[in-house]
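Working through the structure, step by step
Residues per chain, in single letters:
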Amino acid sequence: MTDWSRLHHAYGTAEDVPALLAAMTPDPADDTWGELWSRLYHQGSVYTASYAALPALTAAARRWPPTERRMPLFLAGSVIGSTDRPDDTADPHRSHAAEIAELHALTEESLHDPGLAADPGNYASLLGTLLHLEGVEVWGEQLDALQEEEYEVACPACETDNYVVFGEHGHFTTTDGFYMNRDTAPRHPLRPRDPAELTGLARRLHTRTTADGHPDLARKLTYVFGAADCADCGTGFEVAEAVVDRWRDC
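**What to know about the overall build of the protein chain**
Per the secondary structure count, the protein chain includes 14 helices and eight strands. A globule of 250 residues ought to have a C-alpha radius of gyration of about 18 Å, and the protein chain, at 19 Å, matches this closely. The principal-axis extent of the C-alpha atoms belonging to the protein chain is close to 60 × 35 × 35 Å. Within the protein chain, the fraction of its 250 residues that count as buried is 47%.

**Focus on helix α13 (residues 215-224)**
For α13, the tally of buried residues reaches seven of ten residues, placing the bulk of the element in the interior. Leu217, Ala218, Lys220, Leu221, Thr222, Tyr223 and Val224 are the residues of α13 that are buried.

**Things to note about the layout of surface pockets**
The volume enclosed by the largest pocket comes to roughly 480 Å³. What lines the largest pocket is a set of 25 residues, and nearest its centre among them are Tyr41, Glu141, Gln142, Trp247 and Cys250. Broken down by secondary-structure element, the contributors of at least two residues to the lining of the largest pocket are α10 (139-142), α11 (145-148), β3 (150-154) and α14 (239-249). Taken together, the residues that form the lining of the largest pocket break down as nine nonpolar, nine polar and seven charged.

**Re empty space enclosed by the protein**
One pass over the full model with this rule turns up one cavity of 30 Å³ or more. In this model, the largest cavity occupies a volume close to 30 Å³. Lining the largest cavity are Tyr123, Ala124, Leu127, Leu143, Leu146, Leu205, Thr209, Leu217 and Leu221. Elements with a minimum of two residues in the lining of the largest cavity: α9 (120-133), α12 (200-211) and α13. With three residues, α9 is the single largest residue contributor to the lining of the largest cavity.

**What to know about the side chain of Asp229**
Within the secondary structure, Asp229 is located in strand β7 (residues 227-229). At 2.8 Å, the side chain of Asp229 forms a polar contact with the side chain of Arg191. With sequence-adjacent residues up to four places away left out, Asp229 is seen in contact with Asn162, Thr173, His188, Arg191, Gly234, Thr235, Gly236 and Phe237.

**What about the packing of helix α7 (residues 97-111) against α9?**
The interhelical angle for the contact between α7 and α9, taken along N-to-C directions, is 155 degrees, at an axis separation of 10 Å. By the angle class used here, α7 and α9 are roughly antiparallel. Seen along the crossing, α7 lies across α9 with a hand that is left-handed. For the pair formed by α7 and α9, the contact residues are Ile100, Leu103, His104, Thr107, Glu108, Ser110 and Leu111 on the first element and Tyr123, Leu126, Leu127, Thr129, Leu130 and Leu133 on the second. Here the contact of α7 with α9 is composed, by residue class, of eight nonpolar, four polar and one charged.

**Considerations on the pattern of salt bridges**
In this structure the tally under the stated criterion is 14 salt bridges. A salt bridge links Glu134 to Arg204; the nearest nitrogen and oxygen atoms lie 2.9 Å apart. Of the two residues, Glu134 is situated in the loop between α9 and α10 and Arg204 in helix α12; the sequence distance between them amounts to 70 residues. Of the residues examined, Arg204 reaches a relative accessible area of 36% and is grouped as partly exposed. In this structure, Asp216 and Arg219 form a salt bridge, with 2.5 Å as the shortest nitrogen-oxygen distance.

**Here we look at the nonpolar core**
If you look at the biggest cluster of nonpolar residues, it comprises 68 residues, and the most contacted ones within it are Trp139, Tyr151 and Phe225. Excluding residues within four positions of it along the chain, Tyr151 makes contact with Trp139, Gln142, Leu143, Ala145, Leu146, Asn162, Tyr163, Val164, Phe166, Val224 and Val243.

**Description of the sheet that holds β3**
Taking strand neighbours across the sheet as the criterion, the four strands line up as β3-β4-β5-β6 in an open arrangement whose pairing is antiparallel. Each of the sheet's edge strands pairs with one partner strand only, and the pair in question is β3 and β6 (188-189). Examined bridge by bridge, strand β4 (residues 161-167) and strand β5 (residues 170-174) share five bridges and lie antiparallel to one another. The partner of Gly167 across the bridge, within β5, is Gly170. Sheet strands touched by α13: β3, β4 and β5. Its angle to β4, the strand with the most contacts, is close to 155 degrees. Relative to the sheet, α14 contacts β3 and β4, its axis offset from that of β3 by approximately 70 degrees.

Rules behind the numbers
- Residues numbered from 1 in each chain as written.
- Predicted model: local features only at pLDDT ≥ 70, side-chain atom pairs only at ≥ 80, totals over all residues.
- Heavy atoms only, no water.
- Helix = DSSP H or I, 4+ residues; strand = E, 2+ residues; numbered from the N terminus.
- Rg over C-alpha atoms; globule rule 2.2 N^0.38 Å.
- Buried < 20%, exposed > 50% of the residue type's maximum accessible area, 1.4 Å probe, protein only.
- 1 Å grid on protein atoms, 1.4 Å probe; cavity = no way out; pocket = protein on both sides within 12 Å on 5 of 7 lines; lining within 4 Å.
- Points joined across faces, edges and corners; volume = space filled by probe spheres on them.
- Nonpolar A, V, L, I, M, F, W, Y, C, P; charged D, E, K, R; others polar.
- Polar contact = N/O pair within 3.5 Å; in protein donor to acceptor, adjacent residues only side chain to side chain.
- Contact = heavy atoms within 4.5 Å.
- Axes fitted to C-alpha atoms, helices over the stretch in contact; angles between N-to-C directions.
- Parallel < 35°, antiparallel > 145°, perpendicular 65-115°, else oblique.
- Left-handed = near helix turned anticlockwise from the far one by under 90°.
- Salt bridge = Lys/Arg side-chain N within 4 Å of Asp/Glu carboxyl O.
- Core = buried A, V, L, I, M, F, W, Y, C linked by side-chain atoms within 4.5 Å.
- Pairing = 2+ DSSP bridges.

Here you go:
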């Protein structure tokens, strides 16, 4: 039996976590999920209670059908993917290998369920969860920005913040955070990567999103793994490298 009084979450001892885990429902709007997220994955940080909750989150995902299990999958994936964890905590890929293997299989099942994965937002989040579970740093978290159609990164030369935009507002870099409401700051066109030139993770993601029926996400990936120019100093840079650098600086 888990002694929750000896574990901690973002606000103190974790004695309140079992009741919250017992109250979980498939409804994403259920207030219980907000309570769990704030305690177990607070601004990217995780705690001893976060890992202790993984068996219950796995059990809920197993119990609920593919169209209803996204909340435990998302929370479990974020906990596993966090690098801001207690110093004395073992790597969850070793300490919770059984739960991770099952969560991976359940996420794959949901990714193939048209009732859930047909929505691009759900699909991108599920794909990010899969990367978390596989130990892929950065992109498990950052794939959600595909739906936001924007990354904020620093120029590697002058360190000016640039908004890399790829979507309904166009495909460009700008230093103006209100670009969607006005067109006054300089805009430098993005240079998407030819899909045939993608390698590694980029190629895997592009191939998968295309095969799974999400050509718009696949097209966005060519910009995310393409090149851009700083809208302030004009220096060229790789978008994906700038995303990784910003993640490491946080």
